[in-house]
Amino acid sequence: MSRTRSSVALLAAATALATLAGCSSSSSGSTSSAGAASGGKATISFMSIMDSGTQKSTLVALTNAFEKANPDITVNLEYQTSYGNLLAKETAGVSAHNAPTLGQVMESWAATFANSDAILPVSQYAGSGSPAGLAAFYTGVQNDLKLPDGKLWMWPFNKSVQVIYYNQDMLKAKGLTAPTTWDQFATDAKAVSGKGVTAISVDPGSNSSPGGGQTMFAALAAAYGTPDIAADGTPQLNSPAAIKALTFMQTLKNEGALAVGTNYPGETALGAQKGVFDLSSAAGYYYENLAVGSKFTLGTEVLPTGPSGAPTNVMSGTNVAMFAGASAAQQAAGWKYMQFLASAASQAEWSEQTGYLPVTSAALPLMSSFIAKNPYMTTAVAALEYAVPQPAYSWVEQAEGEEVVAIQAALEKGTDPTTALNTAQKAALADKQADQ
């Protein structure tokens, strides 16, 4: 399974296709979810990217358990190999009046689909805009389920936040502990770099597929007081906080404490003991641990804070949306399945097997043995209270692509951060204007 977000190019194509499709509420659903059978039986489909490893096997096991408990409902699992492919497939299904019953969605996708009546608000099939179970989710997760119109359009599934992975042994050898502020991070990064070691490596990604370097930039900007994208979707790429964030990264690069690479370079360097830190998703713990093996003690910590001392974090992962072609019977069956996947028991199993975070604190007592062996989970899950999701506007991923261009210019070409970010802001505003 890909651990990257969908591409901006695919998002733009999706927006165009959704617009061409017009109102999709008249569609009959995909062939795998076409119509409810007689006798109260219903067949639904769920399209996801959980196509391999423990993610696939756990989703299959949970679905089998759901079907056993609900013998009149059949769930057909449909897999895509990446978020980009998933978006393209869902959009094509909407255009052809053949969408799945349910699908994983990013926030900006949901906004596009909702604007063309391609998905249903939760109230339509749950009977309430604030259904039972909503209040049990972490605050950050609850905030992520609504679109700008204030309505609930999604239900949670696979969620994660950003954490700092680090080599405890290398820090201890220097008399250091895990940094709790970004200023301390910079000091520690310089102290541990040298003699073949570069504290942290990042992949900015490309303008069509932002990487971990863009995530670090966004986290820094928020820590310095101004998110890269405002809650109303307005790009803020050249704010004083954003300029400070990119200057921070460029200074580390110039001082030999940050390197630029591709294909999860921080994870690779950390595992090879050529790096000390990696900023990545909590859901990547399996991969980080695999890279590290038994070579040293792998530590995890929440993201450092900025000058205010207030915690900040970036939420990642997806929610589930119901496509408008679902029949009444499918809507009822799909809602049962959505509730099942987000239940405490299912989330506990999902989290233990995949590394994603449980969306409700009610899952934690069911995970006590796992948490005792994997203390990083407590560190990571706490951030779901305050982590900020991607603002749900169609142009946001395009704006993130503009950030990548600025990060590349500053880190790889030495461009002044203010100049690079002014250019990015101008382009991001143009993207926003074009999508409105």
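If you're wondering where the values come from, they're calculated on a predicted model, not measured in any experiment.

A. The nonpolar core, seen in detail. Ranked by size, the top nonpolar core spans 80 residues in total, and within it F46, F113, W155, V161 and Y337 carry the most contacts. Judged by nonpolar contacts, the second largest core, of 49 residues, contains V197, F217, A221 and F248.

B. Seen up close, the pairing of strand β2 (residues 73-79). For strand β1 (residues 42-48) and β2, the ladder comprises seven bridges, and the chain directions are parallel. Within β2, the residue paired with M47 across the bridge is E78. Between β1 and its parallel partner β2, the chain crosses via helix α2 (residues 53-69), and the hand of that crossover is right-handed.

C. Geometry of unusual backbone geometry. Look at K195: it is not a glycine, yet its phi comes out positive at around 55°. One can find K195 in the loop between α8 (182-192) and β5 (200-202). Classification of K195 as exposed rests on a relative accessible area of 89%.

D. Spotlight on the side chain of N319. Within the fold, N319 resides in strand β11 (residues 315-322). You can call N319 buried: its relative accessible area is 1%. There is a polar contact of 3.1 Å between the side chain of N319 and the side chain of D144. When sequence neighbours within four positions are dropped, the list of residues in contact with N319 reads G103, Q104, V105, D144, L145, M154, W155, P156, F157 and K159.

E. Examining the confidence of the model for the chain more closely. Within the chain, residue pLDDT values average 90, and 91% of them lie at 70 or more. Considering only residues more than four positions removed or in separate chains, one finds that residues 1-39, a stretch of pLDDT under 50, has 106 contacts.

F. Spatial organisation of the environment of A118. Tracing the backbone through its elements, the reader meets A118 in the loop between α4 (107-115) and α5 (122-126). Classification of A118 by relative accessible area gives buried; the value is 1%. Note: C-alpha distance between A118 and A324 (206 residues apart in sequence) is 5.3 Å.

G. Spatial organisation of helix α18 (residues 417-435). For α18, spanning 19 residues, the distance from its first C-alpha to its last is 27 Å, which sits close to the expected 27 Å at 1.5 Å a residue. Taken residue by residue, α18 has P417, A420, L421, A424, Q425, A428, D431 and K432 as its buried positions. Projected onto a plane normal to the axis of α18, the buried residues spread over an arc of 135° and lie on a single side. Facing away from the buried surface of α18 by more than 90 degrees, the exposed residues are T423, K426, Q433 and A434. Taken together, the buried residues of α18 touch α9 (212-223), α10 (240-254) and α17 (396-412). Looking at where α18 begins, the residue whose side-chain oxygen comes 3.2 Å from the main-chain nitrogen of T418 is D416.

H. Seen up close, the pattern of salt bridges. Under the defined criterion, the tally for this structure stands at four salt bridges. Measuring nitrogen to oxygen at the nearest pair gives 3.9 Å for the salt bridge that ties K159 to E107. In this pair, K159 sits in strand β4 (residues 155-167) while E107 sits in helix α4, placing the two residues 52 residues apart along the sequence. Residues K159 and E107 agree in their burial class; the two are buried. Members of the salt-bridge network, linked through shared partners, are E107, D144 and K159.

I. Layout of the pairing of β11. Within β11, eight of the eight residues are buried, which leaves the element mostly enclosed by the surrounding structure. Two strands pair when backbone bridges link them, and strand β3 (residues 102-105) and β11 are joined in this way by four bridges, in the antiparallel orientation. By the bridge assignment, G103 is partnered in β11 with A321. Sheet analysis places β4 next to β11, joined by six bridges and oriented antiparallel. Directly across from V161, in β11, lies its bridge partner M315.

J. Structural detail: the side chain of T58. With respect to the helices and strands, the residue T58 is situated in helix α2. T58 sits in the buried class, given a relative accessible area of 5%. One polar contact links the side chain of T58 to the main-chain carbonyl oxygen of T54, over a distance of 2.6 Å. In this structure T58 touches E349, W350, Q353 and T354, once residues within four positions along its chain are discounted.

K. View of the packing of aromatic side chains. For the coordinates displayed, the defined rule picks out 17 aromatic pairs. Each residue in the set F46, F66, F157, Y337, F340, W350 and Y356 is aromatic and connected to the rest through ring pairs, giving one cluster. Its guanidinium or amino end placed over the ring of Y79, K56 lies 4.7 Å from that ring's centre, counting from NZ or CZ.

Analysis parameters
- Residues numbered from 1 in each chain as written.
- Predicted model: local features only at pLDDT ≥ 70, side-chain atom pairs only at ≥ 80, totals over all residues.
- Heavy atoms only, no water.
- Core = buried A, V, L, I, M, F, W, Y, C linked by side-chain atoms within 4.5 Å.
- Buried < 20%, exposed > 50% of the residue type's maximum accessible area, 1.4 Å probe, protein only.
- Pairing = 2+ DSSP bridges.
- Helix = DSSP H or I, 4+ residues; strand = E, 2+ residues; numbered from the N terminus.
- Right-handed = clockwise from strand over helix to strand, strands pointing away.
- Polar contact = N/O pair within 3.5 Å; in protein donor to acceptor, adjacent residues only side chain to side chain.
- Contact = heavy atoms within 4.5 Å.
- pLDDT = per-residue confidence, 0-100.
- Expected span 1.5 Å × (residues − 1).
- Arc of directions from axis to C-beta.
- Salt bridge = Lys/Arg side-chain N within 4 Å of Asp/Glu carboxyl O.
- Phe/Tyr/Trp six-rings, centres within 6.5 Å; stacked < 30°, edge-to-face > 60°.
- Lys NZ or Arg CZ within 6 Å of the ring centre and 35° of its normal.

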